[in-house]
Amino acid sequence: MKKIGVLALQGAFLEHERAVSAAGAEAFEIRNSAGLRREMDGLILPGGESTVMGKLLRELGLFEPLRTQILEGLPVFGTCAGLILLAQEITGERPYLGTMGITAVRNAYGRQLGSFECAAEFAECGEIPMRFIRAPYIAQVERRVTVLAEVEGRIVAAREGRQLVTAFHPELCENTAVHRYFLEMCGR
Ligand code: GLN
């Protein structure tokens, strides 16, 4: 069974653990550098608050090792705040890990429209439910990045090599298509 580490410093990590199990893999929590050194087939950066997660990553000494592992090819899936952590650019702010060729716009839908649900096409999986919570969107992608989903003309999911990001929260829906898609990326 594939083993997926879920960064468990803050945010919606429990929901990802459940989704990973439902998609047929084993999840474990990463809270420190020992956790990051465990053998894993892939890593999930959950939704939450990117500013807080970025700060904790630095304080716990996880920032550089995590960045190195991603650049060395560890498959990674960032949702929402996780997408922001991976973006090489964040409009008006300094980037965090910056490993993926996307430009993220934070809290892009305004306070009123901060949370909503819809259904849209995702990659080759067909239409899936998407839940957005004070979500970012992707304003721009480098040529090496593949767009996997758009909602109202805005990019909400993308892939670059073994890095996958969604602005929405597949872990909060019953549908496991996105987690299964990620597990395929974590091929042995
Ligand atoms: N607004 C959050 C941020 O900027 C992201 C929200 C989420 O992860 N649900 O980090």
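All figures in this text were calculated on a predicted structure; none of them were measured in a lab. The numbers attached to residues start from 1 for each chain and follow its sequence in the written order. Note on the predicted model: pLDDT of at least 70 is required for a residue's local features to be given, and 80 or more for side-chain atom pairs to be given and counted; whole-chain, interface and lining totals, by contrast, use all residues. Water and hydrogen atoms play no part in the side-chain values, which are based on all heavy atoms of the structure.

**Q** Summarise the side chain of Thr79; cite the residues concerned and give the values.
**A** Locating Thr79 in the fold gives a position in strand E4 (residues 76–79). For Thr79, a relative accessible area of 0% puts it in the buried group. Here a polar contact means two N or O atoms within 3.5 Å. Within protein one must be a hydrogen donor candidate and the other an acceptor candidate, and residues neighboring in sequence count only if both atoms are side-chain atoms. Within the structure, Thr79 has its side chain in polar contact with the side chain of His16 (distance 3.1 Å). The residues contacting Thr79, other than those within four sequence positions of it, are His16, Leu45, Pro46, Gly47, Thr166, Phe168, Pro170 and Glu171. Put simply, DSSP marks the helices as runs of H or I at least four residues long and the strands as runs of E at least two long, and each gets a number from the N terminus on. Categorising residues by exposure relies on relative accessible area from a 1.4 Å probe, with only protein chains included: less than 20% of the type maximum marks a residue as buried, more than 50% marks it as exposed, and the intermediate range marks it as partly exposed. Any two residues whose heavy atoms approach within 4.5 Å at even a single point are treated as in contact.

**Q** Provide a residue-level description of the pattern of salt bridges, including the pertinent values.
**A** Whenever a carboxyl oxygen of Asp or Glu lies within 4 Å of a side-chain nitrogen of Lys or Arg, that contact is scored as a salt bridge. Within this structure, the stated rule accounts for 7 salt bridges. The partner of Arg31 in a salt bridge is Glu29, and the shortest N-O contact between them spans 2.5 Å. Where Glu49 meets Arg106, a salt bridge forms, and the shortest distance between an N and an O atom there is 2.8 Å. Placement of Glu49 in the loop between strand E3 (42–45) and helix H3 (50–59) and of Arg106 in the loop between strand E6 (100–105) and strand E7 (115–121) is noted, with a sequence separation of 57 residues between them. For the residue pair Glu49 and Arg106, the accessibility class agrees, reading buried in each case. When salt bridges with common partners are traced through the structure, they connect Glu49, Glu93, Arg106 and Arg134 into a single cluster.

**Q** An account of the packing of aromatic side chains is requested, with residue identities and associated values reported.
**A** By convention, a stacked pair of Phe, Tyr or Trp rings (six-membered ring in the case of Trp) has centres within 6.5 Å and planes under 30 degrees apart, an edge-to-face pair has planes over 60 apart, and any other such pair is tilted. Counted according to the given criterion, the structure contains 5 aromatic pairs. A ring pair is formed by Phe77 and Phe182, whose centres lie 5.5 Å apart and whose planes are at 45°; its orientation type is tilted. Of this pair, Phe77 sits in strand E4 while Phe182 sits in helix H6 (residues 177–185), placing them 105 residues apart in sequence. By the burial criterion, Phe77 is buried, and Phe182 matches it. On the numbers, 4.6 Å between centres and 10° between planes, the contact of Phe116 with Phe132 is stacked. Of the two residues, Phe116 is situated in strand E7 and Phe132 in strand E8 (residues 127–133); the sequence distance between them amounts to 16 residues. Phe116 sits in the partly exposed class, given a relative accessible area of 21%. Residue Phe132 is classed as buried on the basis of its relative accessible area, which comes to 0%. Every member of this aromatic cluster is reached through a ring pair, and the members are Phe116, Phe122, Phe132, Phe168 and Tyr181. Its end group placed over the ring of Phe28, Arg38 keeps NZ or CZ at 4.0 Å from the ring centre. Our definition puts a charge over a ring when NZ of Lys or CZ of Arg is within 6 Å of the ring centre and also within 35 degrees of the ring normal.

**Q** Explain H6 to me, and be specific about the residues and the numbers.
**A** Burial runs high along H6: 7 of the 9 residues are buried. For H6, the set of buried residues is Ala177, Val178, His179, Tyr181, Phe182, Leu183 and Met185.

**Q** How would you summarise the site of the ligand if you had to cite specific residues and measurements?
**A** With respect to spatial proximity, the complete set of residues near the ligand consists of Gly47, Gly48, Glu49, Ser50, Cys80, Ala81, Ile84, Arg106, Asn107, Ile133, Arg134 and His169. Take Gly48: an N or O atom from its main chain is 2.9 Å from an oxygen atom of the ligand. Ser50 places a polar main-chain atom, nitrogen or oxygen, 2.6 Å from an oxygen atom of the ligand. Nearness is judged by heavy atoms alone; a residue qualifies as near a molecule or strand once a single heavy atom is within 4 Å of it.

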